[in-house]
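# Breakdown of the fold
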Amino acid sequence: MKRLQRLRRTTALRDLCAETGFGAAQLIQPLFLDAAASQPRAIPGLLDNQTHDAQSLLRQVDADLAAGVRHFLLFPVPAEKRAANFDADFTAASIERLRAACGEHASVWVDTCLCSYSTSGHCCVFDGRGRQDLGTTLDELTGLALTYAGAGADGVSPSDMNDGRVAHLRDRLDAAGHELVSIMSYSSKFASSFYGPFRIAAQSSPRQGNRRSYQLDVRSRRDAIAASQRCADEGADLLMVKPGMSSIDLLAPISAATNKPVGAYQVSGEFASLALLAREGLGDFDAMLLESWQVFRRAGASYIVTYGARQARRLGLN
């Protein structure tokens, strides 16, 4: 059964998907939770963004809510990395506290991937011969998603790009009684060179090889549109292109093909480039950031994941 009510369930979710207007309600702020951290740590290039321990994360969220942030995307980094059998209990405890802090005023999404959890730094589990084990990968992703949903997350955000993961997650979430937990899929995610600051924050760089066998080739338009179409068919409620600026040509065709809300992720390298330009006196950071959001919206983005969401009110967006 298609549950169109998932995105109507709260005011924050309804505002996120509104088809008219543009403001803070269409911006999502990433957060990094490091289970091994004892204090916040600045992320290179990502102005005003840090990795957090459990307590500083809550302080940051309180400040963000006061600044008008309406949506959060949590990236958990465990203290112990494993090859499989991943443990997300530390994430669940923080989700519960985040959910309580946000109330009905904001939504909590959780990135659902294995790269920060795994010893390999990849978004999948490998078998004894070093090949991708798709079945085990999907089961591990589902285990994380069920933990997040059980802790109160409004939605899960699979970012791994493994075949069939949205269908697997939707089936298992529904079977566990989480029919109204939404899936915001990284549906057209490229093997990009613009993820550098993020990989430092999430401790997610591959230990060997790369992700080109399961993430999209930057040269491939048809494959990118087909990937989002598949996610829509498998039950994703929201779709996303990543990186946002270098995928901006895909927003309109994916929206037309799927009739789903399609967002853009202004990735760490794109955001950091604005901060670095400003630092060198080559541009006004506020003006460039606001312009980039306006261009995403003009191109058809229903929502934007950006490291600057907490700046929206200061830039005149309500």
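Residues numbered from 1 in each chain as written. Predicted model: local features only at pLDDT ≥ 70, side-chain atom pairs only at ≥ 80, totals over all residues. Heavy atoms only, no water.

Another point: the packing of aromatic side chains. One pass over the full model with this rule turns up 10 aromatic pairs. With 6.4 Å between their ring centres and 5 degrees between their planes, Phe 32 and Tyr 307 make a pair best called stacked. One end of the pair, Phe 32, is in strand 1 (residues 27-34); the other, Tyr 307, is in the segment after strand 11 (304-305), with 275 residues separating them in the sequence. We classify Tyr 307 as buried; its relative accessible area is 1%. Following the ring pairs from residue to residue traces out a cluster consisting of Phe 32, Phe 75, Tyr 186, Phe 198, Tyr 265, Phe 271, Phe 285 and Tyr 307. Between Lys 189 and the ring centre of Tyr 195, over which it is positioned, the NZ or CZ distance is 6.0 Å. Lying over the aromatic face of Phe 198, Lys 242 brings its terminal NZ or CZ to 5.1 Å of the ring centre. (Phe/Tyr/Trp six-rings, centres within 6.5 Å; stacked < 30°, edge-to-face > 60°. Helix = DSSP H or I, 4+ residues; strand = E, 2+ residues; numbered from the N terminus. Buried < 20%, exposed > 50% of the residue type's maximum accessible area, 1.4 Å probe, protein only. Lys NZ or Arg CZ within 6 Å of the ring centre and 35° of its normal.)

Within the largest apolar cluster, 90 residues are counted, with the highest numbers of intra-cluster contacts made by Leu 73, Tyr 148 and Tyr 265. Beyond its immediate chain neighbours, meaning those up to four positions away, Tyr 148 contacts Pro 76, Ala 88, Thr 91, Ile 95, Val 110, Asp 111, Thr 112, Tyr 117, Ala 153 and Val 156. Grouped together as the second largest cluster of nonpolar side chains are 5 residues, Cys 115, Cys 123, Cys 124 and Tyr 214 included. (Core = buried A, V, L, I, M, F, W, Y, C linked by side-chain atoms within 4.5 Å. Contact = heavy atoms within 4.5 Å.)

Time to look at the pairing of strand 4 (residues 71-77). Burial analysis of strand 4 places 7 of its 7 residues in the buried class, which makes it a mostly covered element. Side chains His 71, Leu 73, Phe 75 and Val 77 project from strand 4 onto one buried face, and the interleaved Phe 72, Leu 74 and Pro 76 project onto a second face that is buried too. Examined bridge by bridge, strand 1 and strand 4 share 6 bridges and lie parallel to one another. Note on strand 4: the bridge partner recorded for Gln 29 is Phe 72. (Pairing = 2+ DSSP bridges.)

One can find Leu 146 in helix 4 (residues 134-150). The class for Leu 146 is partly exposed, based on a relative accessible area of 30%. Note: C-alpha distance between Leu 146 and Gly 177 (31 residues apart in sequence) is 9.9 Å. In contact with Leu 146, other than residues within four places in its own chain, are Arg 172, Leu 173, Ala 176 and His 178.

The next point concerns helix 8 (residues 251-258). Residues spaced three or four apart along an α-helix face the same direction, because each turn holds 3.6 residues. Those residues of helix 8 not exposed but buried are Leu 251, Ile 254 and Thr 258. For helix 8, the buried positions fall inside an angular range of 70 degrees around the axis, keeping them on one side. Elements that come into contact with the buried residues of helix 8 comprise strand 8 (188-189), helix 7 (221-234), strand 9 (239-242), strand 10 (262-265) and helix 10 (285-299). Two residues or fewer after helix 8 comes Asn 259, characterised by a positive phi angle close to 55 degrees. (Arc of directions from axis to C-beta.)

Turning our attention to the pattern of salt bridges. With the rule as written, the count across this model stands at 17 salt bridges. Between Arg 41 and Asp 34 there is a salt bridge, and its shortest N-O distance comes to 3.8 Å. Residue classification places Arg 41 among the partly exposed residues on the basis of a relative accessible area of 38%. Notably, a salt bridge pairs Arg 131 with Asp 127, separated by 3.7 Å at the nearest N-O pair. Look at Arg 131 and you get partly exposed, because its relative accessible area is 46%. By relative accessible area, which is 24% here, Asp 127 ends up partly exposed. (Salt bridge = Lys/Arg side-chain N within 4 Å of Asp/Glu carboxyl O.)

Time to look at the packing of helix 9 (residues 268-279) against helix 10. Taken N-terminus to C-terminus, the directions of helix 9 and helix 10 make an angle of 155 degrees; their axes are 9 Å apart at the nearest point. Relative to helix 10, the element helix 9 lies roughly antiparallel. Of the two elements, helix 9 crosses helix 10, and the hand of that crossing is right-handed. From helix 9, Phe 271, Leu 274, Ala 275, Leu 277 and Ala 278 reach across to helix 10, where they touch Phe 285, Met 288, Leu 289 and Ser 292. For the contact of helix 9 with helix 10, the class distribution of residues is 8 nonpolar, 1 polar and no charged. (Axes fitted to C-alpha atoms, helices over the stretch in contact; angles between N-to-C directions. Parallel < 35°, antiparallel > 145°, perpendicular 65-115°, else oblique. Left-handed = near helix turned anticlockwise from the far one by under 90°. Nonpolar A, V, L, I, M, F, W, Y, C, P; charged D, E, K, R; others polar.)

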